[in-house]
Structure formats: C-alpha cells, structure tokens
Amino acid sequence: MDGAPSDLRTLRYVAEITRKLAKMLSRTRYQMLVYLLEMTAVEAESLAGEQDPKRTRPVKPSQARR
C-alpha cells in the first residue's frame, strides 16, 4: 500500500463491515468465524493506523462476545 487516502478509507471500511458481520454471527454457533472476523477488523484498523498515525482511532474491544 502506498498510503493513499482511499487505502485508509478501505481499511477502515473493512474493519467496520467485519465487526458488523461478527456481531450478527455472534448469536450463532460460528464462534471461530466470529473470532476470525474480529481479528480481521483489528488488523485492518492497525494497518490504517500505521499508514496515518494522526487519525488513529482507538481499537474497540469486541462487542461480539456472548
């Protein structure tokens, strides 16, 4: 990634969507998939933060847990 603003928006979008999906799935038996999605969201936010440290948002704790 070359640090383009669209890359940062994409990473943050990936984090947002995967968290929403993890929250939906947390009510099901697919806990390993929920974990994978949550880790994907954390990694996307981390990469976005490395690309643009001034706009880093704090990583929210998982709200997808039972």
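Preceding this paragraph is the structure being described.
These figures come from a predicted structure and were not determined experimentally.

Here's the deal with the overall build of the protein chain
- In terms of helices and strands, the protein chain carries 2 helices and 0 strands.
- Taken across its 66 residues, the protein chain has 29% of its residues classed as buried.
- When contacts within the protein chain are restricted to residue pairs at least 6 apart in sequence, long-range pairs at least 24 apart make up 60% of them.
- As presented, the protein chain carries roughly 5,000 Å² of accessible surface, and 59% of it is formed by carbon and sulfur atoms.

Notes on the nonpolar core
- Leu8, Leu11, Ala15, Ala41, Ala44 and Ala48 form the largest nonpolar core, which has 6 residues in total.
- If you list the elements that add at least two residues to this core, you get helix 1 (5-25) and helix 2 (31-51).
- Aside from chain neighbours lying at most four places away, what touches alanine 44 is Leu11, Val14 and Ala15.

Rules behind the numbers
- Residue positions within a chain follow its written sequence, with the count starting from 1.
- Given that the model is predicted, a residue must reach a pLDDT of at least 70 before its local features are reported, and side-chain atom pairs must reach 80 or more before they are shown or counted; all residues, however, enter totals for whole chains, interfaces and linings.
- Side-chain metrics in this entry use all non-hydrogen atoms of the structure; hydrogen atoms and water are not considered.
- Secondary structure elements are taken from DSSP: a helix is a run of H or I of four residues or more, a strand is a run of E of two residues or more, and numbering for both begins at the N terminus.
- Only protein chains enter the accessibility calculation, which uses a 1.4 Å probe; a residue is then buried when its area is under 20% of its type maximum, exposed when over 50%, and partly exposed in between.
- Note on contacts: a residue pair is in contact if any heavy atoms of the two residues lie within 4.5 Å.
- A 1.4 Å probe and the Shrake-Rupley method give the accessible areas. Residues count as covered only by the protein chains that appear here.
- Definition used in this section: a nonpolar core is a set of buried Ala, Val, Leu, Ile, Met, Phe, Trp, Tyr and Cys residues joined via side-chain atoms within 4.5 Å.

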